[in-house]
Structure formats: structure tokens, C-alpha cells
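# Descriptive analysis of the structure
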Amino acid sequence: TDVALNVTPPAYTRMDSYDLRAGQTVAEVLKGSIVRFRIKTDRPVREATLMRDADGGQPVEVGLAQRMAVDSFHTVERPAESTVYHFRLVDRDGLSNESERVRPVRISIRLVADRPPKVRMQVKGVGEMVTPAAKLPINADFSDDYGLAAVSLLYGAAEQPTTRPAEAIPGFESGPRRFQSDLIWTPATHGFKEGDRVVLHAEARDADDVSGPNIGQSPTVTLRLVSREELLAELNRREQEYRQDFERLVRAQEELLNEWLAAVAAPKSGGRDAATAQVWIQMARRQRDYGARANAVRSQFEQILSEWRINQLATPEVEERLGGRIVVPMDVLHREKMPAAADDLEAMAKAWTDETQQATRLALQAVLADMKAILAGMVKWEGFQEAVTLLRDIQKMQRQVSEETDKRIEQAISGDPAQSQPDRSSPGR
């Protein structure tokens, strides 16, 4: 007539026992849990036996329940798998509740596996290429439903996926359900050099001693280690690409200003109607769209500046050029000046007066002037960088000539005439 269930989760969860709702006969419990059954009957019974369904359909006896009173019993079971139980009751006259006419109350226990820990790892502000001396800022976030037992950072060469050393993360103590860490990781101090491909991922292990431990991993980050010169060439290439994007945006902003000037210079007769107001609203939308595009370009230059810093290449001049002359003024543009110009255009749509017209003119002209100033700085740097790149190429060629000369001198001294013959297949040598 009554069923009460109590569940004790596995010890590693450090959770207290809990009662299920009175009369509840279907339950999901964590694998390894202990289930206590309490039942009451409508009359005194001689014995109560806990039964479980078997694969063949014939119930299997689990064991006799312990009597608490003439009409109540309890027993304890630790299910090894999801199972449906019932109690076989026999009264003093030998009558049973198992018959074809009446089915006993069935109790369904479904086991739920402990989920692996969740792991997130982010290497902030880096691209696919880094120098061996780079100081990689790694943010790792670990969480588990019942507690973390261990967390680590795994690294290795991409060509050797099965041999990755694990490095303990400082500050971790076993037990918390969540742990976050920020650390700096340098490839050179871990034995990596130019030309290597490094893979990194974070890993966590829980304390499941029933069917675990369960392992959770973050997605793998792959980085290619390159020379300082190769990385600088890549950063310069991307910077030129982003400059071209910004140059197109400057032209679009210039077209917007010219269209506005042409519109306000048109004859005023009937020009301040709803149709004209709609023109100003459309221009305001375009201005807000340009602000979003400017922010996207700003983010790209901010990423480049971050890579300069992480790879230990940034100088005060680089900080001023990329940060002070590009990232910061572009941030002001998309946050303040471009939205203000859009607001002025919308104000003209509501009331076209000399005041709103003058405010809009000044706002649009200020936005374009700032954009052109930023673009001029970008173009100036590109011209300087072309000369620097040419000098680097000359230095590289000179090193090659020097190395080849040293090699030929060593061969001549060793007396190997075959090796000391000039390489006719190499032009320019």
C-alpha cells in the first residue's frame, strides 16, 4: 500500500542521503548508489522478498526484506544495472501477491553514469604562428558535477600524439567542483624550437571510484613555431590586408558624406517631407553599419598588437603605432563618433533645421577626418616596412653566402676536390 525510497549516492560525491517523493516508484540514481526500500502492506504478511526482473523474463530473487512491523519491511540494494524490482509477499495463509490476475507494484531504478568533467582552454591573443620565446597566456576552466580530482596541461609535438607529458597546474587542490587558472606557458622552456608544431590541451579527472575515473579534455590547440623574421612577415602581411579593408571603409564613409552634401544642396521646395526624412534614416543606418565594420577592423589590429606582445616583439614604438594611433582612435570612432553622427542624421529626419543640419555636417566631417588620419598612419608605416623587409632579405642572402663560403673553405682545407667544386646548379654562386 505504500513505497518509500531513500538513495545514498556513492561516497566520492560527498552527497548526503535523500528521500524520494512519497509513493514514487520510478527513480534515476547515480551508478554506485545504495537504494533503501521501505514498504507497507494492507495486512500482516509472513515474509517479503525483493525480486528483480531478469533478461529471460523470470524474476530473480534478491533477498528477504527485514521486518519492521507486522505490515512493514525494509531492505537495501545496490543496483549493478538499471532494473525493475517488486516485492513478493506471502501472508500467514500462504497466499502471494504474485498472480496472473494481479501484478505487484513495480519499482523502476534507472542508473545514470557520472559525466566526465567539462574542460575549456583558451590561448588568448595568439595566432597559428608563434616564436619559441612566446609567452602564451593560457586560461583553463574545469568543472565537474561532484568534484575534481586532478587537472593538468598536456603538451607535445603534433607528430607524436601518443606521447604528451602532463604538467600539473599550480594552485589546484583536489575536491572543488570548479577550478579556473591563468598561466603563462613558453615553448622554448619545454624543449621546442623553430619548425616544431606544438599541440596543447587541458585535461581533468574526477574522483569516480565506481566506474571511473572519468576524463574530460579541452579541444586541442596547435601552434607552429617560426622564426622572428617569419612571424614579422606574416604580421605585416595581415596588417596590409586589414589596411585595405579599412581603406574601403574610408571610401564608403566619404561617399556617405558626399551623398549627404548633395542631398542638402538640392532645392528645398517640398524637400523636407516624409521621403526626405526616410533618406536621412537610411543614411543613419549606413553610418551605424560602418561603425560595426570599423570595430571589426579595430579588433583585427588589436589581435596583431597582442601577437607582437605575446611573442616578445613589441617595443614602445609598436605600442604607440598600433595601440595609440590605430586601436584607440578606432575604438573612439565606433563607440562615440560614428553613433553620434548616426544620431544627428536621425535628428534631421525628425526636424530638419539649420541647427540639426550644421551638427550633422560637423559630425560626418569629423568622422571622415579621423578615418583619413588613421589611414595615413597605416600607409606611412607600410612604406617604411617595405624598406625594412628588403633589408631583412638582403641580410638573409648575405648569411647564406657567408655560410656557403665557410663550407667551401672547410672543404678546400680538408683536401676533398670533389666537394670543393663549385655548385654549378646554384645560380649566383
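Our structure is the block above this text.
Just so you know, these numbers come straight off a predicted model, no measurement behind them.

What counts, and at which threshold
- Residues numbered from 1 in each chain as written.
- Predicted model: local features only at pLDDT ≥ 70, side-chain atom pairs only at ≥ 80, totals over all residues.
- Heavy atoms only, no water.
- Helix = DSSP H or I, 4+ residues; strand = E, 2+ residues; numbered from the N terminus.
- Contact = heavy atoms within 4.5 Å.
- Areas by Shrake-Rupley, 256 points an atom, 1.4 Å probe, with all protein chains shown as cover.
- Salt bridge = Lys/Arg side-chain N within 4 Å of Asp/Glu carboxyl O.
- Buried < 20%, exposed > 50% of the residue type's maximum accessible area, 1.4 Å probe, protein only.
- Pairing = 2+ DSSP bridges.
- Axes fitted to C-alpha atoms, helices over the stretch in contact; angles between N-to-C directions.
- Parallel < 35°, antiparallel > 145°, perpendicular 65-115°, else oblique.
- Left-handed = near helix turned anticlockwise from the far one by under 90°.
- Nonpolar A, V, L, I, M, F, W, Y, C, P; charged D, E, K, R; others polar.
- Phe/Tyr/Trp six-rings, centres within 6.5 Å; stacked < 30°, edge-to-face > 60°.

## Focus on the overall build of the chain
- Within the chain, the regular secondary structure consists of four helices and 19 strands.
- Put simply, 70% of the contacts in the chain that link residues at least 6 apart link residues at least 24 apart.
- Counting every atom, the chain has about 24,000 Å² of accessible surface; 50% of that belongs to carbon and sulfur.

## Observations regarding the pattern of salt bridges
- One pass over the full model with this rule turns up 26 salt bridges.
- As a salt-bridge pair, lysine 337 and aspartate 370 come within 2.5 Å of each other at their nearest N and O atoms. Within this pair, whereas lysine 337 is found in helix H3 (residues 316–350), its partner aspartate 370 is found in helix H4 (residues 354–414), the two being separated by 33 residues in sequence.
- Using a relative accessible area of 26% as the deciding quantity, one classes aspartate 370 as partly exposed.
- Through salt bridges with shared partners, one network takes in Arg298, Glu302, Asp331 and Arg335.

## Focus on the sheet that holds strand S13 (residues 136–143)
- If you walk across this open sheet you meet the three strands as S11-S13-S16, and the pairing is antiparallel. Two strands close off the open sheet at either side, each with one partner strand: strand S11 (118–123) and strand S16 (178–185). Direction aside, the axes of adjacent strands within the sheet are offset by 15° on average.
- With eight bridges connecting them, S13 and S16 associate as antiparallel partners. When the bridges of S16 are listed, phenylalanine 142 appears paired with phenylalanine 179.

## Here we look at the packing of helix H2 (residues 274–310) against H3
- Contact geometry for H2 and H3: axes closest at 8 Å, N-to-C directions at 165°. Classified by the angle their axes make, H2 and H3 are roughly antiparallel. Crossing of H2 over H3 shows left-handed handedness.
- Here the residues of the contact of H2 with H3 are counted per class, giving 24 nonpolar, five polar and nine charged.

## A few points about the packing of aromatic side chains
- Per the counting criterion, the structure on display carries ten aromatic pairs.
- Ring geometry for phenylalanine 142 versus phenylalanine 179: centroids 6.3 Å apart, planes at 25°, classification stacked. Placement of the pair is phenylalanine 142 in strand S13 and phenylalanine 179 in strand S16, with a sequence separation of 37 residues.
- Ring centres of tyrosine 155 and phenylalanine 192 lie 6.2 Å apart, and the angle between their planes is 80°; this geometry places the pair in the edge-to-face category. Pair noted here: tyrosine 155 is in strand S14 (residues 148–157) and phenylalanine 192 is in the loop between S16 and strand S17 (197–206), with a separation of 37 residues, a long-range link. Comparing tyrosine 155 with phenylalanine 192 shows no difference in burial state: the two are buried.

## Remarks on the pairing of strand S10 (residues 106–112)
- Side-chain alternation along S10 places Ile107, Ile109 and Leu111 on a buried face and Arg106, Ser108, Arg110 and Val112 on a face that remains uncovered.
- Note: strand S9 (residues 83–91) against S10, four bridges, orientation antiparallel. Bridged to tyrosine 85 within S10 is isoleucine 107.

## Description of the sheet that holds strand S6 (residues 60–64)
- A sheet is described by the order of its strands in space; here five strands give the open sequence S3-S10-S9-S5-S6, paired in mixed fashion. Either end of the sheet is taken by a strand with one partner, and the two such strands are strand S3 (26–30) and S6. In this sheet, neighbouring strand axes are inclined to one another by 30° on average, regardless of whether the strands run parallel or antiparallel.

## Quick look at the environment of alanine 149
- With respect to the helices and strands, alanine 149 occurs in strand S14.
- Beyond its immediate chain neighbours, meaning those up to four positions away, alanine 149 contacts Phe172, Ser174, Arg205, Asp206 and Ala207.

Shape is all these values report; function is a separate question.
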